[in-house]
Amino acid sequence: MEPIVDPAAHGTFRTRSGGMIAVERLSLTYGRGASRVVALRDISFRITDGEFAVVVGPSGCGKSTLLKILGGLLSPTSGVAELKGQPITGPRRDIGVVFQTPVLFPWRTVVGNVMLPADVQGLDQTAMQQRALELLGQVGLGGFERRYPRELSGGMQQRVGIVRALLNDPAILLMDEPFGALDAMTRETLNVELQRMWMQRRITVLFITHSISEAVFLADRVIVLTPRPGTIGDQFEVDLPRPRTLEAMNTERFGHYVRRVRSALSARGGLE
């Protein structure tokens, strides 16, 4: 089912200057008539340069739809999304995307999978391979460069996907529930690792999750989406020191933020 795009409304709302990502009165509707589904309704927010923002909400609330719009893969019905002051109208090299599954080619080695964007875009092979090897070392995959995906654990495969998204040094990294399919212990380990990588590079991140604790652990800013049609039920800054350890989840301050998210979801029927 294709989204409806209203030519008169699309791009009508201009965002204010400033910020890496600016979303203004964004809405998206799929289908028409009886099959019409409003996925997102009147969403506005801003993400600053170097910020780690997390969008959290229940299944079906439009989280992945929002990410696809920001990645240039879908056009909104109305409103506008901008990156560095320019409307996002299609895929861009300065936007990196990490999907729910790493989507690795089984016939390519680890470094071969990481190099895929360089191969497709015709980038300098020597420089990009050196960067790929450096990034793999930073995520603990040094020595696995010539292995194949079947030889890696699920967590290692997802690390390869993250490195591939970082190869072009994107302005923003979009992450669509990248750890959702992993076991709890691996997921927590990768949350700590992702925080470490982000603190080293300070890249702007928009991370999608349905896990409240994961959202609070990772985020500088939490954006809570309500059940469909997805609207913003709450958004707030997380004032917890970094680097955050898993033990921080047991603190009263952490619990305060978790309760705030739950309250926003419960108010709109997001929790049973």
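Everything here concerns the structure above.
Residues numbered from 1 in each chain as written. Predicted model: local features only at pLDDT ≥ 70, side-chain atom pairs only at ≥ 80, totals over all residues. Heavy atoms only, no water.

### Notes on the layout of surface pockets
Okay, so step 1: Its volume calculated, the largest pocket comes out at about 580 Å³.
Okay, so step 2: Its residues placed into classes, the lining of the largest pocket shows 13 nonpolar, seven polar and three charged. (1 Å grid on protein atoms, 1.4 Å probe; cavity = no way out; pocket = protein on both sides within 12 Å on 5 of 7 lines; lining within 4 Å. Points joined across faces, edges and corners; volume = space filled by probe spheres on them. Nonpolar A, V, L, I, M, F, W, Y, C, P; charged D, E, K, R; others polar.)

### A closer look at the sheet that holds strand 10 (residues 221–225)
Okay, so step 1: On the basis of which strands lie adjacent, the open sheet formed by six strands has the order 7-8-9-4-10-11 and mixed pairing. A strand with exactly one partner marks an edge of an open sheet, and here the two such strands are strand 7 (95–98) and strand 11 (232–237). Shown here is a sheet whose adjacent strand axes are inclined to one another by a mean of 15 degrees, direction ignored.
Okay, so step 2: Across five bridges, strand 8 (residues 172–176) lies against strand 9 (residues 204–209) in parallel orientation. In the sheet register, leucine 174 faces strand 9, and the bridge partner there is leucine 206.
Okay, so step 3: The strands touched by helix 1 (residues 63–70) within the sheet are strand 4 (52–56), strand 7, strand 8, strand 9 and strand 10, with strand 8 carrying the most contacts at an inclination of about 150 degrees. (Pairing = 2+ DSSP bridges. Helix = DSSP H or I, 4+ residues; strand = E, 2+ residues; numbered from the N terminus. Axes fitted to C-alpha atoms, helices over the stretch in contact; angles between N-to-C directions. Contact = heavy atoms within 4.5 Å.)

### A look at the packing of aromatic side chains
Okay, so step 1: Per the stated rule, a full pass over the model turns up five aromatic pairs.
Okay, so step 2: Ring centres 5.8 Å apart and planes at 5 degrees place the aromatic pair phenylalanine 236 and tyrosine 257 in the stacked group. One end of the pair, phenylalanine 236, is in strand 11; the other, tyrosine 257, is in helix 8 (residues 252–267), with 21 residues separating them in the sequence. One exposure class covers both phenylalanine 236 and tyrosine 257, and it is buried.
Okay, so step 3: A connected cluster of aromatic rings, assembled from ring pairs, spans Phe52, Phe179, Trp198 and Phe207.
Okay, so step 4: The residue whose ring lies beneath arginine 202 is tryptophan 198, and the NZ or CZ to ring-centre distance is 4.3 Å. (Phe/Tyr/Trp six-rings, centres within 6.5 Å; stacked < 30°, edge-to-face > 60°. Buried < 20%, exposed > 50% of the residue type's maximum accessible area, 1.4 Å probe, protein only. Lys NZ or Arg CZ within 6 Å of the ring centre and 35° of its normal.)

### Quick notes on helix 1
One full turn of an α-helix is made of 3.6 residues, so residues set three or four places apart face in the same direction.
Okay, so step 1: Buried residues dominate helix 1, accounting for six of its eight residues.
Okay, so step 2: Of all the positions in helix 1, only Lys63, Thr65, Leu66, Leu67, Ile69 and Leu70 are classed as buried.
Okay, so step 3: Looking at the residues trailing helix 1, positive phi occurs at glycine 72, about 80 degrees.

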